[in-house]
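Next come the chains, spelled out residue by residue.
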Amino acid sequence: MGRFPLLLLFIISLSLAIITRSQTSNPQNITSINIGALYTYNSIIGRAVRIAIELALEDVNSDRTILPDTKLNVISQDTNCSGFLATIEALQVLEKNVVAIIGPQSSGGSHILSHVANSLQVPLVSFSATDPTLSSLEFPYFLRATRSDQFQMRAIADIVEFFQWREVTAIYVDDDYGRNGIAALGDELALRRAKISYKAAFAQSVDLTEITDLLLRVNLMESRVYVLHVNPDSGLTVFSVAQKLGMTGPGYVWIATSWLAAVLDSKGFGLGYGYESVDTDPKVHNMIQGSIVLREHTPDSDLKMKFVSRWRNKTGNTATGSSLNAYSLYAYDSVWLVAHAIDQYLKTNGNRINFSTDPRLHDAKGSTLSLAVLKIFNGGEGLLQNLLSTNFTGVTGQLQFGPNRDLIRPAYDIINVVSTGPRLIGYWSNYSGLSVVSPEILYQKPQNLSGQARWLYDVMWPGGTTQQPRGWVFPNNGQPLRIGVPNKASFKQFVSSGSNSGSNSNASGFCIDVFNAAIKLLPYPVPCSYILIGNGTVNPNIDDAINMIAQNELDAVVGDIAIVKNRTKIVDFTQPYAEAGLVIVALVKHGSSCAWAFLKPFALPMWCVIGVFSLFVGFVVWILEHRTNEEFRGPPREQVATIFWFSFSTMFFAHRENTVSVLARFVLIVWLFVVLIITSSYTASLSSILTVQQLSSGIKGLDSLIASHDPIGYQAGTFTKNYLIEQLNIPESRLVPLSTIDEYADALMRGPQGGGVAAIVDQSPYVEIFLKSYCNFRIVGQEFTREGWGFAFQRDSPLAVDLSTAILTLSENGELQHIHDQWLNSHDKCRSENTDIDSNRLSLSSFWGLFLICGVVCFLALIIYFIKICIQFKKYNNRTSDTRENEAAPADKTLPCVQQPRRFASFPSFKDLVEFVDTKEADLKNNREKRGQVKTSITKKSSDNGSQTSQIPID
């Protein structure tokens, strides 16, 4: 604030010393009006602007609808790319009664001249000063007839977000234009969770050596997305040096602001407005190939096409370096803007233009400076308001100022320089963001900043590749990644080290192996240096390690780091590689609950005997019921199924078959009594096994933990303490820090009465390790948080994103599970210690008496049954023999008095016995009745035959 007034006073004093002609004021009959024009004649922008102003002046003076009786004069001065000379030239212009100045060309000159314009009330209308800070209230008489870099940087930020980059490197000229433009870019990137990772500034008059050193430093950084914001006359020098350093090949991204579009238009690369010059340089095309360029968007119109035609006719092919560009279009419209405002001013102020002397500007005694020669334009405020209210359509489209004194509807063309030349890949507008649809079409639709139109056509990147660059590489500055590793007192399976302190130590463990495996999957080398945090005897505070990342003392922390809310505010985490929710551990007598707990009430021999006896009883009942019960008969397959069904259904008293024989009912009654005893004992034993864990500990879950007043243990250095205090409102006085698993066991065994703890709250991976070594403790209740372990990196680190992808790859290919099994699935001491569980199991020795009674009853029933069968079979066999004899006797009529020899009656065959047993008893009864009738009939016939024989005389 202090140097500008002093510099301004010096410049004004020096300027007034060379002013010798006095000014006139208050002309009443105005036949001509002077306006000034300040730009650099010998520059890419200045050469095109000169022609544009000449054409605009011709068009305004020939148009009778605007300033009909007044000629507009433009007094031009060359600023020579110098803020000091721009001020001198501006003062020389101001002495000629100008009412407005078109320019200056540079943002730096605009900052200085805006102070002069404020004092003399002469509006400045710049066609190329894009510094966003010029729109502030400090410069009320400055108007921008072009687009502010605020919108251009917003467009670049949207491009960065579209391609999902998170860091960019800004290369810019160190002046008001460069600094303030890059500051606006940083603000816009921050809104999209991106940032400028490195700012590379250089002076306006820098030489090749300094640019080379600058780009060498830039190339050592990790970001490969470069935003180049420089002046048109020096920008190609940066590209030339970058090409020599190999920075324009594959993997690099170059985004150039609108200066490059002006250069390409001026050199005739066909980028703009249908004009192509003979000054096409293939070397320039090669060095910028693959870059993305922004250019102010100007809609196509008849007015624009007529202007382009007139430009061609005026310049032909001889105007080398003065091809039409966007700045020349804005310069043309600036003249018309001032003409419209002056015309309106004259109409509302009686065709008067007045100047007055500023009493503050007077010649000091003895001074040769003529300060009094500077006059204040009395109508400056009115002309300024006319400028702000002007609304007309020019060659650049609609010219109308918004509430923030910027032109409405800012938009940019997004151009990609490919091998065949520049190619339009999309648009950006403040109305709809990125789109492949022109802004003029989108203006006719409702505003949509998240629609399907937010995309760009394919880009050809540096090196001729179509694959999108990653946008960053590991820094090539020779410094390895500083990896912090917690050096804890216990749980060495997760993180351990061969030494207790120092850096570059060898770290190992589950977490370290996962990190190393993920690093190997990255497509680029990542040198790492492990730095131990802690002395190995006391657990370090993980939050302190996280803060070391935020303070740039570490690049990352690798280990058993829980991803919790307060940590994500200062660092970025990778994808979780392990689940680690909080659980409660308490002392229990038995902790054998598992998926197969229903088998534990009985020992294995007991289960085997139950199964065998079930089948045996079913087989016995089948035998006893087979001859008398229709439900136990049928095809062999159905009979086998019936045996199995009846055997096991009796275990649940759900058999559907009725028993009819006395023996079967007796056996079934005894067996159901055995089943009743077994099921009652099983229920009692299972209930004991499943409930003993809760009954042996006062802590049954989270609610009972909070409600109790007993001490609670937690692992020192973890987030558990803060969680218990902040989230569960547990007093800190109840919390006891513990470090090793031996301390865990000792505190739980002593309990609250012995100076220990009632329960321990810790993350599930630690608890699993603890329970594998100590068998008298179990998890009670449910897991009540859902955290995970991840690797912590600095905010917006691209390495965190790439490692997340690598961790997902490890999970999908099974390598993550393999590492887990290698480190954490060690011998489980408690699996072989089942003495407590076995003591609650019911063995065969407790029930052998029941099974003996049941077995004896079954065998007695079978013996009685088979004795009965044998008696029935003997009777059946004798009857069958008698029937056969009776049937055979009448047939022998030749020897009536001779008794036939009886066939030898041996024991029946086993086949006959089986057939007899398989025959239904009702069928045997029917057969006996039929045979009895047959026997009676045969006996009667025999009697009849015998009586007849006795009546025959014997010779």
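The rules behind these values
- The residue numbers shown here count from 1 along each chain, following its written sequence.
- In view of the model being predicted, local features appear only for residues whose pLDDT reaches at least 70, and side-chain atom pairs are presented and counted only at 80 or more, with totals across whole chains, interfaces and linings using the full set of residues.
- Excluding hydrogens and water, the side-chain figures rest on all heavy atoms present in the structure.
- Only runs of H or I of at least four residues qualify as helices and only runs of E of at least two qualify as strands under DSSP, and these elements are numbered from the N terminus.
- Burial here depends on accessible area, computed with a 1.4 Å probe over protein chains only, as a share of the maximum for the residue type. Under 20% is buried, over 50% is exposed, and the range in between is partly exposed.
- For this analysis, residues touch if any pair of their heavy atoms sits within 4.5 Å.
- Values of accessible area rely on a 1.4 Å probe in the Shrake-Rupley scheme; residue burial ignores everything except the protein chains shown.
- Known as pLDDT, the predictor's confidence for each residue is given on a scale from 0 to 100.
- In this analysis an axis means a line fitted to C-alpha atoms, helices contributing only their contacting stretch, and an angle means the value between N-to-C directions, from 0 to 180 degrees.
- Here is the rule for angles: anything less than 35 degrees is roughly parallel, anything more than 145 is roughly antiparallel, 65 through 115 is roughly perpendicular, and the remaining ranges are oblique.
- Throughout, a crossing is termed right-handed when the near helix is turned clockwise from the far one, and left-handed when it is turned anticlockwise from it by less than a right angle.
- Gly counts as polar in this scheme, as do all residues outside two lists: the nonpolar Ala, Val, Leu, Ile, Met, Phe, Trp, Tyr, Cys and Pro, and the charged Asp, Glu, Lys and Arg.
- Only residues whose relative accessible area exceeds 30% and that take part in no salt bridge are eligible for patches, with like-charged residues grouped when within 9 Å of each other and nonpolar side chains (Val, Leu, Ile, Met, Phe, Trp, Tyr) grouped when within 5 Å.
- A pairing counts as a salt bridge when a side-chain nitrogen of Lys or Arg comes within 4 Å of a carboxyl oxygen of Asp or Glu.
- Only when DSSP finds a minimum of two bridges between them are two strands counted as paired.

## Observations concerning the overall build of the protein
Part 1 of the argument: In terms of helices and strands, the protein carries 30 helices and 31 strands.
Part 2 of the argument: Counting only residues that meet the buried cut, the protein has 51% of its 955 residues in that class.
Part 3 of the argument: By sequence separation, contacts in the protein at least 24 residues apart represent 74% of the contacts at least 6 residues apart.
Part 4 of the argument: Here the protein has roughly 45200 Å² of accessible surface; of this, 54% comes from carbon and sulfur atoms.

## Description of the confidence of the model for the protein
Part 1 of the argument: With 76% of its residues at a pLDDT of 70 or more, the protein has an overall mean of 80.
Part 2 of the argument: Throughout residues 14-28 the model reports pLDDT below 50, and contacts reaching past four residues in sequence, or to other chains, amount to 37 contacts.
Part 3 of the argument: In the model, residues 274-279 has pLDDT below 50 throughout and makes 16 contacts with residues more than four positions away in sequence or in other chains.

## Let's talk about the packing of helix H2 (residues 44-62) against helix H11 (residues 302-315)
Part 1 of the argument: Between H2 and H11, whose axes approach to 11 Å, the crossing angle comes to 115°. As the angle between them shows, H2 and H11 are arranged roughly perpendicular. Pair H2 / H11 crosses with right-handed handedness. Here Ala48, Ile51, Ala52, Glu54, Leu55, Glu58 and Asp59 of H2 lie close against H11, whose contacting residues are Phe307, Arg310, Trp311, Lys314 and Thr315.
Part 2 of the argument: Class assignment for the residues of the contact of H2 with H11 results in six nonpolar, one polar and five charged.

## Considerations on a nonpolar patch on the surface
Part 1 of the argument: The grouping of Trp848, Leu852, Val856, Leu860, Ile863, Ile867 and Ile871 at the surface amounts to a nonpolar patch, some 690 Å² of accessible area in total.
Part 2 of the argument: Among the secondary structure elements, Trp848 is positioned in helix H28 (residues 848-888).

## Here we look at the sheet that holds strand S23 (residues 571-573)
Part 1 of the argument: Strand order across the open sheet formed by five strands is S21-S18-S22-S31-S23, with mixed pairing between neighbours. Every other strand in the sheet has two partners, leaving strand S21 (528-533) and S23 as the edge strands with one partner each.
Part 2 of the argument: Of the strand pairs in this sheet, strand S18 (residues 481-486) and strand S22 (residues 556-557) are connected by two bridges, and their pairing is parallel. Note that in S22 the partner of Gly484 across the bridge is Val557.
Part 3 of the argument: Here helix H15 (residues 510-520) sits on the sheet and contacts S18, S21 and strand S31 (792-794); the angle it forms with S21, its principal contact strand, is near 160°.

## Description of unusual backbone geometry
Part 1 of the argument: In this chain, Gly103 is followed by Pro104 through a cis amide linkage whose omega measures -5°.
Part 2 of the argument: Within the fold, Pro104 resides in the loop between strand S3 (98-102) and helix H4 (107-120).
Part 3 of the argument: You will see that Phe491, though not glycine, has its phi angle at about 55°, which is positive.
Part 4 of the argument: On the secondary structure map, Phe491 appears in the loop between S18 and strand S19 (496-497).
Part 5 of the argument: Accessibility expressed as a relative area gives 4% for Phe491, which makes it buried.
Part 6 of the argument: The phi dihedral of Asn729 is positive, around 60°, even though this residue is not glycine.
Part 7 of the argument: Within the secondary structure, Asn729 sits in the loop between helix H22 (720-726) and strand S27 (735-738).

## Description of the sheet that holds strand S29 (residues 777-780)
Part 1 of the argument: Strand order across the open sheet formed by five strands is S27-S26-S28-S25-S29, with mixed pairing between neighbours. Of all the strands in the sheet, the pair left with one neighbour each is S27 and S29. Strand-to-strand, the axes of this sheet are offset by a mean angle of 35°, without reference to chain direction.
Part 2 of the argument: The pairing of strand S26 (residues 712-715) with S27 spans four bridges and is parallel. If you follow Gln715 over to S27, its bridge partner there is Leu738.
Part 3 of the argument: The strands that helix H24 (residues 764-773) touches are strand S25 (582-587), S26, strand S28 (759-763) and S29; relative to S28, the one it contacts most, it runs at about 125°.

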